[in-house]
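The residues making up each chain are set out below.
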Amino acid sequence: MDEENTLLELNNVSTAFKIEGQYYNAVSHVDLKVKKDEILAIVGESGCGKSTLATTVVGLHDMKTTKISGEAFFEGQDLLKMSDSQLNDVRGAKIGMIFQDPLSALNPLKKIEDQISEVLDYHTKMSTEEKHNRALQLLEQVGIDEPKRTARQFPHELSGGMRQRVIIAIAIACKPDLIIADEPTTALDVTIQAQILDVLRDIQKENHAGIILITHDLGVVAETADEVAVMYAGEVVECGTTEQVFGDPRHPYTRSLLRSMPQGDMDVLNDDLYVIQGSVPSIEKMPQAGDKFAPRIPWIPASAHEKEPTMHEISAGHEVRCTCYKDFYFKSLEVKDV
Amino acid sequence: MSLIEIRDLTVHYPIRSGFWNRVTDVVRAVDGISFDIEAGETYGLVGESGSGKSTTGKSVVGLEQITSGLIKYNGVDITKKSTRKKHNYNQNVQMIFQDSLSSLNPRKRVLDIIAEPLRNFQKLSAEDEKIRVLQLLETVGLSPDSLYKYPHQFSGGQRQRIGIARAVATNPQLIVADEPVSALDLSVQAQVLNFMKKIQREFGISYLFISHDLGVVRHMCQNIAIMNKGRLVEVGTREDIYDDPLHIYTKRLLAAIPEVDVSKRDERMENRLKIEKVYQEKAKQYYDEDGLAYPLVQVSPTHFAALPQDKLAELTGQKRRDT
Amino acid sequence: MWKTILRRILIMIPEIILLSILVFLLAKAMPGDPFTGSINPRSSAAQIQHLKELNGLYDPWYQQYWNWIVHLFHGDLGQSYQYHEAVSNLIGERAINTLWLSAFTMVLTYLIALPLGLYAGKHEGKLPDTVIRVYTYVTYCIPFFVILVIGLWIFGYVLNWFPTTGSVAPTAKGLGMLSSRFFHILLPGLLGALFGTVNIVQYMRSEVIDAKRSDYVRTARSKGVPEKDIYRHHIFRNSLLPIAAFGGYSITGLLNGSIFTETIFSYPGMGMLFIDSINYRDYTVITALVLLFGVMNLLGTLLSDIILGIVDPRIRIE
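Residues numbered from 1 in each chain as written. Chains lettered and ligands numbered in written order. Predicted model: local features only at pLDDT ≥ 70, side-chain atom pairs only at ≥ 80, totals over all residues. Heavy atoms only, no water.

- Looking at an unreviewed UniProt entry, one finds chain C named Oligopeptide ABC superfamily ATP binding cassette transporter, membrane protein and attributed to Ligilactobacillus acidipiscis DSM 15836.
- Under the Sequence similarities (unreviewed entry) heading, UniProt states for chain C: "Belongs to the binding-protein-dependent transport system permease family."
- Its UniProt record, at the heading Subcellular location (unreviewed entry), says of chain C: "Cell membrane". (UniProt positions renumbered as here; feature names shortened; annotations may be inferred.)

- Chain B carries the name Abc superfamily atp binding cassette transporter, abc protein in an unreviewed UniProt entry, which gives Ligilactobacillus acidipiscis DSM 15836 as its organism.
- Per UniProt, chain B has the following entry under Sequence similarities (unreviewed entry): "Belongs to the ABC transporter superfamily."

Shown next as structure tokens:
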């Protein structure tokens, strides 16, 4: 039953970028499953590879400077082995994409309606009339009050929230089975963010789509996602249902991140936040073997880490990378770092 | 006497239109706001994009031409440039910006960046200046070899700390921090916020902390003002605002903050949709005919809200019934 | 939109007045006067004095300026004493020649530059891009008149493919005249275009590269739009925009260029007239031409703004 609902299955996906003649992994050996009717959140800080993973899946990389390996089965076909023209049949039709910055993601010189109907041009046989009606219907579906007026406008005439709704309308125009939303609310105010997330959830329910929600915002994940994958340094370090990961976080990184969030009941003058030691290494300086998070928890003895960390199942569906979670404890709050 | 008193601060930008390009209307970026910042406290100014919170911050530092109103510093009106100079205002009030990369000159070394305010306001010898900059680097937790590096050689969090070092160089009494951590990752944000608090403890600095992030504001600020369309809609202590929000705008803003507690997810969502519904139906009652907030009225010694008369009567009636 | 254009034109009026005053005063400051050389050498000093008074040369400058403006508005730009012909007629005749040459150069420039820029941008970093960039750098380094002289020497004199002077063969008639005219502007037009493409190729190339990496192109890719359509509907169109706006300014460049081209090719247009007039101190013609060039520059700028206002919805003027 589980297999039937799987929309996208990533097996051992790695993506390496060429920097000064050498390839470095931005995403390493990721295994993930996205199911129908489900929101999978991929969460992590900048540079963890979450966006790269998304663009890898839909083949938006310049293959001259990128090396991709592994498998990404989507409806029985491996996306990573598809030709450009095969991918063009999938993108926009079966996989819809939503990007972070809604202003730059829309062509400044085209009217909203034209940008929506463009996706219909390539994937449907609708007449001009039908496309027009479909565009208006989509605008209404994403919560735009005056679809007719908005359809005739240019991107710069809309507010940030409106633009993001338009982007969503484009992404869902062909009722895709899978929607990949890369930081869809980062540039928006919280109230608008809440509305956009509602729209996404409604659409998912209506279309029975699967959604990959990529974000750095733990709050957004906790409020929206069904499943969570936490990424650090190109790897998935913990995954499971939202309840499992947020209710019972196991990996030192997940625990540290949650702990570094501002808490309301702290003293405004004296209480400090938890700080993770060190910083995320740049892609060229990333350790290639062993536990990549180990340098940031140096008080945990090396023997606690696996040589080649693998995922360990804690309970059904809840997995954690490396065995060090068993021995992890927080060192007392310390502010110093250089 | 408060360190900073802001009275009826107004900043209007002209809109020009028509054939002769005459001023036909104004954008009311800031429209008559008043609040006080006490010495040694962090005052939170919260609002969404376009609320006028950044304009307010820039006005306080003197980077904005104010249309009317007063800004008093230790009781002295410093809205005029000459008085600012006389009272060393520009030395005592500094600013930290959101985008640390674009607010630091990419062609200058860290030494020159941090020493710039020192050169403007204090005459130090080259040797003393260097010692002072090294002290500042230590305060914000950067190594001495940063001295001769350029901004792009640092990470976002480190750059923000360089910005803080520059701001504290002249031992200011107030730092206006405009979205200081909103471009940073969670773990880096924690570092920067801790440094801001540490400096406050050590030097008794006050902050005007401008942010859209209510989680961060709650962590940092004892007193908070909520800004909406150029006006203040609610002012109070942290407890007033978070535990007993009165204005519909504040309620809606609070309800929209996502939280990490998964167990209360459905409950919160329900609450948010309920408030959203009220907002859609009754928001008009909370604003005057121009769509702007009403003047603030006092509801408790510390708590002010921009409530219309009938809402206020409703509220006091409720309070009376409660007690 | 019309309001804005009208306002812009109104703003141009004081600019033109200022320019005309400047031109007038400069002409006044130049040595000699319109009678120098055109008066019967046997005239007595008193007669000359009388003639000058009659023509208002002793009036205060603003009086003279006013007279000049009034005449200007009647289409009377004065007499060229070198050609003994009304300046307006003289310029009118030459202006048509310059117009032909400039229009041809411009069309040719864009026909060559746009595909080259697009191609270079599309294949950024590859061999054709490098070749195109080397071409633009080399051409950019050679002064325009050197290109003209070398071109004229090789194709005109050595290979003898093109005529080297004039705007039309004196014997041509009817359709033959038209083709002869075209034949005469072919070489100067080509060489002008060769030089003019440089900026536009570079401009277009960088616009294409920017567009290629833009988020809206990524959006188009994620819609499943094939690569060739992405170039056609998104990249090419959006890159063209600043270049279309650049069109108005390039009029200025063409007028400046015509001074070189026409002089070296002895092509009877405004540019050659300008140089000739300077050589012969034909002040009436010089002032008229400087004023005309100035007005054309202003119009070019206006045209650029209008084009941009039409093609770019972001700065569409109401």
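Picking up after the structure, the text goes on.
### Focus: the UniProt feature "transmembrane region" (unreviewed entry) in chain C
Residues and elements named next belong to chain C.
For step 1, the next point in the chain: Sites flagged by UniProt as "transmembrane region" (unreviewed entry) map to residues 99-119, 140-162, 182-204, 240-265 and 285-311.
For step 2, the next point in the chain: With 74% helix and 0% strand, residues 140-162 has its two end C-alpha atoms placed 25 Å apart.
For step 3, the next point in the chain: The distance from the first to the last C-alpha atom of residues 182-204 is 29 Å, and the span holds 100% helix and 0% strand. (Helix = DSSP H or I, 4+ residues; strand = E, 2+ residues; numbered from the N terminus.)

### Quick word on the packing of aromatic side chains
Residue and element names in this part refer to chain A.
For step 1, the next point in the chain: Counted by the stated rule, this structure contains 17 aromatic pairs over all chains.
For step 2, the next point in the chain: Taking 5.0 Å as the distance between ring centres and 75 degrees as the angle between the ring planes, the aromatic pair formed by Tyr-274 and Phe-330 counts as edge-to-face. Taken together, the positions of Tyr-274 in the loop between helix H11 (252-259) and strand S11 (311-315) and Phe-330 in the segment after strand S12 (318-321) put the pair 56 residues apart, joining distant regions of the chain.
For step 3, the next point in the chain: Looking at Phe-330, the relative accessible area reads 21%, which means it is partly exposed.
For step 4, the next point in the chain: With a centroid separation of 6.2 Å and an interplanar angle of 40 degrees, the aromatic rings of Trp-299 and Phe-328 are classed as tilted. Remark: Phe-328 occurs in the segment after S12 and Trp-299 occurs in the loop between H11 and S11; sequence separation between them is 29 residues. (Phe/Tyr/Trp six-rings, centres within 6.5 Å; stacked < 30°, edge-to-face > 60°. Buried < 20%, exposed > 50% of the residue type's maximum accessible area, 1.4 Å probe, protein only.)

### Some points on the interface of chain B and chain A
For step 1, the next point in the chain: Contacts between the two partners involve 41 residues from chain B, matched on the other side by 47 residues from chain A.
For step 2, the next point in the chain: Carbon and sulfur atoms supply 52% of the area buried between chain B and chain A, which totals about 3700 Å² over both sides.
For step 3, the next point in the chain: In terms of surface lost to chain A, no three residues of chain B exceed Leu-186, Val-260 and Arg-265 of chain B, which account for 17% of the buried area on that side.
For step 4, the next point in the chain: The tally of links between chain B and chain A comes to three salt bridges.
For step 5, the next point in the chain: Between Glu-223 of chain A and Arg-268 of chain B there is a salt bridge, and its shortest N-O distance comes to 2.5 Å.
For step 6, the next point in the chain: Counting across the chain B and chain A interface gives 13 residue pairs in polar contact (both at pLDDT 80 or more).
For step 7, the next point in the chain: Those elements that provide at least two residues to the side of chain B that touches chain A are helix H8 (186-203), helix H9 (214-220), helix H11 (248-256) and helix H12 (265-282) of chain B.
For step 8, the next point in the chain: Tallying contributions element by element places H8 of chain B first for the side of chain B that touches chain A, with 13 residues. (Contact = heavy atoms within 4.5 Å. Buried area = accessible area lost by both parts, 1.4 Å probe. Salt bridge = Lys/Arg side-chain N within 4 Å of Asp/Glu carboxyl O. Polar contact = N/O pair within 3.5 Å; in protein donor to acceptor, adjacent residues only side chain to side chain.)

### Looking at the side chain of Glu-48 of chain B
For step 1, the next point in the chain: Structurally, the position occupied by Glu-48 of chain B is in the loop between strand S3 (42-46) and helix H1 (53-61).
For step 2, the next point in the chain: Side chain to side chain, Glu-48 of chain B and Tyr-249 of chain B meet in a polar contact 3.0 Å long.
For step 3, the next point in the chain: Setting aside chain neighbours within four positions, we find Glu-48 of chain B in contact with Asp-189, Val-190 and Thr-191 of chain A together with Lys-53, Met-227, Tyr-249 and Leu-253 of chain B.

### Some words on the sheet that holds strand S8 (residues 210-215) of chain A
Residue and element names in this part refer to chain A.
For step 1, the next point in the chain: Overall, mixed pairing links the eight strands, which are arranged S6-S7-S8-S3-S9-S10-S12-S11 in an open sheet. The open sheet terminates on both sides in strands that have one partner only, identified here as strand S6 (95-98) and S11. When strand polarity is set aside, the average angle formed by the axes of neighbouring strands in this sheet is 20 degrees.
For step 2, the next point in the chain: As paired strands, S6 and strand S7 (residues 178-182) are joined by four bridges and run parallel to one another. Bridged to Ile-98 within S7 is Ala-181. (Pairing = 2+ DSSP bridges. Axes fitted to C-alpha atoms, helices over the stretch in contact; angles between N-to-C directions.)

### Some points on the interface of chain C and chain A
For step 1, the next point in the chain: Listed as interface residues are 21 residues of chain C and, on the opposing side, 23 residues of chain A.
For step 2, the next point in the chain: For the pair chain C and chain A, the two sides together bury roughly 2100 Å², of which 57% comes from carbon and sulfur.
For step 3, the next point in the chain: Interface area lost by chain C to chain A is led by Arg-218, Ser-222 and Lys-223 of chain C, which between them contribute 29%.
For step 4, the next point in the chain: Across the contact surface, chain C and chain A share one salt bridge.
For step 5, the next point in the chain: Along the contact surface separating chain C from chain A lie 13 residue pairs in polar contact (both at pLDDT 80 or more).
For step 6, the next point in the chain: Within the side of chain C that touches chain A, the residues separate by chemical class into six nonpolar, six polar and nine charged. (Nonpolar A, V, L, I, M, F, W, Y, C, P; charged D, E, K, R; others polar.)

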